[in-house]
Amino acid sequence: MPPYIYIGRDVDTSDTEKQFISEYIGPGFYGVRHAPFMVPDPGEGMATLSAAAGMTPARIDRRLKYLKDSSSLAAKELQASDKAADYLRIMEQARAMMESPIKRAFAYAKEEKPATLAAYEPKITAEVLLDKKYFYGRRFGQGLLLARRLVESGARFVQVEYQYGPFKGFDTHDDGRHAAD
């Protein structure tokens, strides 16, 4: 189970505003070892927790072993590199997550009662928002439900982001004016 999990952040690098906000979420000078496990949209699940078609667990394990073995052939400086060690550690952690409680936590749509799923549904629609294209529907509620299940599975720290449109009528930036004014 990753120690830090962040739910709801778009990993969209084409939007400069999202890139700017994302700069403050990462591990900073602590390095990749302390980066949060990112779950952009809980409703879509995490495809990386399941093997691609035709990939058996044994085949994945063989590839991981080959990666470790071949890295021992690299130059000594590369073998001693913290970044190379971090990369191998992340690959091992990714493989371990494929058979961990985190994978089961994502099965909330199948395992939770209909009444529980309904309790996490949004009570508003896009029509009542000032900027309708910034409606994220079920993402926040499903993020909360997933966070609960992850904590029940042993996660230590989970953050769920409430998506909002900065300067789009949510707050008083831009003198409180809506962008369309």
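Engineer: Let's hear about the overall build of the chain: which residues, and what values?
Structural biologist: When its secondary structure is counted, the chain shows eight helices and three strands. Going from N to C terminus, the chain has its helices and strands arranged as β-α-β-α-α-α-α-α-α-α-β. Evaluated residue by residue, the chain yields a buried proportion of 27% over its 181 residues. Entry remark: accessible area of the chain is about 12300 Å², with carbon and sulfur atoms responsible for 58%.

Engineer: Give a detailed account of helix α4 (residues 82-97), specifying residues and quantitative values.
Structural biologist: Over its 16 residues, α4 extends 22 Å from the first C-alpha to the last, a length consistent with the 22 Å expected when each residue adds 1.5 Å. Buried residues along α4 sit against β2 (37-39), α2 (57-71) and α5 (101-105).

Engineer: An account of the sheet that holds strand β1 (residues 4-7) is requested, with residue identities and associated values reported.
Structural biologist: Spatially, β2-β1-β3 is the arrangement adopted by the three strands of the open sheet, whose pairing is parallel. Since the sheet does not close on itself, it has two edges, and those belong to β2 and β3 (157-160), each with one partner. Geometrically, the sheet is characterised by an average inter-axis angle of 15° between neighbouring strands, direction not taken into account. Two elements, β1 and β2, share three bridges in a ladder whose sense is parallel. Residue pairing across strands places Ile-5 opposite Phe-37, the latter belonging to β2. Taken strand by strand, helix α8 (residues 139-152) contacts β1, β2 and β3, and its axis lies near 175° from that of β3.

Engineer: Can you lay out the pattern of salt bridges for me, pointing to particular residues and giving the numbers?
Structural biologist: On inspection of all chains with the given rule, the structure shows 12 salt bridges. Of the charged contacts, one joins Arg-139 and Asp-41 as a salt bridge, the two residues approaching to 3.9 Å between their closest N and O atoms. Within this pair, whereas Arg-139 is found in helix α8, its partner Asp-41 is found in the loop between β2 and α2, the two being separated by 98 residues in sequence. Here Asp-41 falls in the buried class, since its relative accessible area comes to 17%.

Engineer: I'd love a proper account of the packing of aromatic side chains, names of residues and values included.
Structural biologist: What the rule picks out here adds up to zero aromatic pairs. Over the ring of Tyr-4 we find Arg-156; its NZ or CZ atom is 5.9 Å from the centre of that ring.

Engineer: Report on the layout of surface pockets, specifying residues and quantitative values.
Structural biologist: By volume, the largest pocket is sized at about 580 Å³. In terms of lining, the largest pocket is formed by 21 residues, of which the most central are Ala-35, Pro-36, Phe-37, Ile-90 and Gln-93. Going through the elements one at a time, β2 and α4 are the ones with two or more residues in the lining of the largest pocket. For the lining of the largest pocket, the element with the highest residue contribution is α4, accounting for seven residues. Of the residues in the lining of the largest pocket, the class split is 15 nonpolar, three polar and three charged.

Engineer: Just give me the short version of a nonpolar patch on the surface, but keep the residues and values in it.
Structural biologist: Together, Phe-140, Leu-144 and Tyr-162 give the surface a local cluster of nonpolar side chains, amounting to about 270 Å² of exposed area. Looking at where Leu-144 falls in the secondary structure, it is placed in helix α8.

Engineer: I'd like a rundown of the environment of Met-91, residues and numbers included.
Structural biologist: Within the secondary structure, Met-91 is located in helix α4. Sequence separation between Met-91 and Leu-67 is 24 residues; the distance between their C-alpha atoms is 9.5 Å. In contact with Met-91, other than residues within four places in its own chain, are Leu-64 and Leu-67.

Engineer: Kindly report on the nonpolar core, identifying the contributing residues and their values.
Structural biologist: With 18 residues, the main nonpolar core has Ile-5, Ile-7, Val-39, Ile-102, Leu-146, Leu-150 and Val-158 as its most contacted residues. Contributing elements (two or more residues each) for this core: β1, β2, α5, α8 and β3. Top element by residues in this core is α8. It accounts for four residues. The residues contacting Leu-150, other than those within four sequence positions of it, are Met-1, Ile-5, Ile-7, Ile-102, Ala-105, Ala-155 and Val-158.

What counts, and where the lines are drawn
Residues numbered from 1 in each chain as written. Predicted model: local features only at pLDDT ≥ 70, side-chain atom pairs only at ≥ 80, totals over all residues. Heavy atoms only, no water. Helix = DSSP H or I, 4+ residues; strand = E, 2+ residues; numbered from the N terminus. Buried < 20%, exposed > 50% of the residue type's maximum accessible area, 1.4 Å probe, protein only. Areas by Shrake-Rupley, 256 points an atom, 1.4 Å probe, with all protein chains shown as cover. Expected span 1.5 Å × (residues − 1). Contact = heavy atoms within 4.5 Å. Pairing = 2+ DSSP bridges. Axes fitted to C-alpha atoms, helices over the stretch in contact; angles between N-to-C directions. Salt bridge = Lys/Arg side-chain N within 4 Å of Asp/Glu carboxyl O. Phe/Tyr/Trp six-rings, centres within 6.5 Å; stacked < 30°, edge-to-face > 60°. Lys NZ or Arg CZ within 6 Å of the ring centre and 35° of its normal. 1 Å grid on protein atoms, 1.4 Å probe; cavity = no way out; pocket = protein on both sides within 12 Å on 5 of 7 lines; lining within 4 Å. Points joined across faces, edges and corners; volume = space filled by probe spheres on them. Nonpolar A, V, L, I, M, F, W, Y, C, P; charged D, E, K, R; others polar. Patch = residues over 30% accessible without salt bridge, like charges linked within 9 Å, V, L, I, M, F, W, Y side chains within 5 Å. Core = buried A, V, L, I, M, F, W, Y, C linked by side-chain atoms within 4.5 Å.

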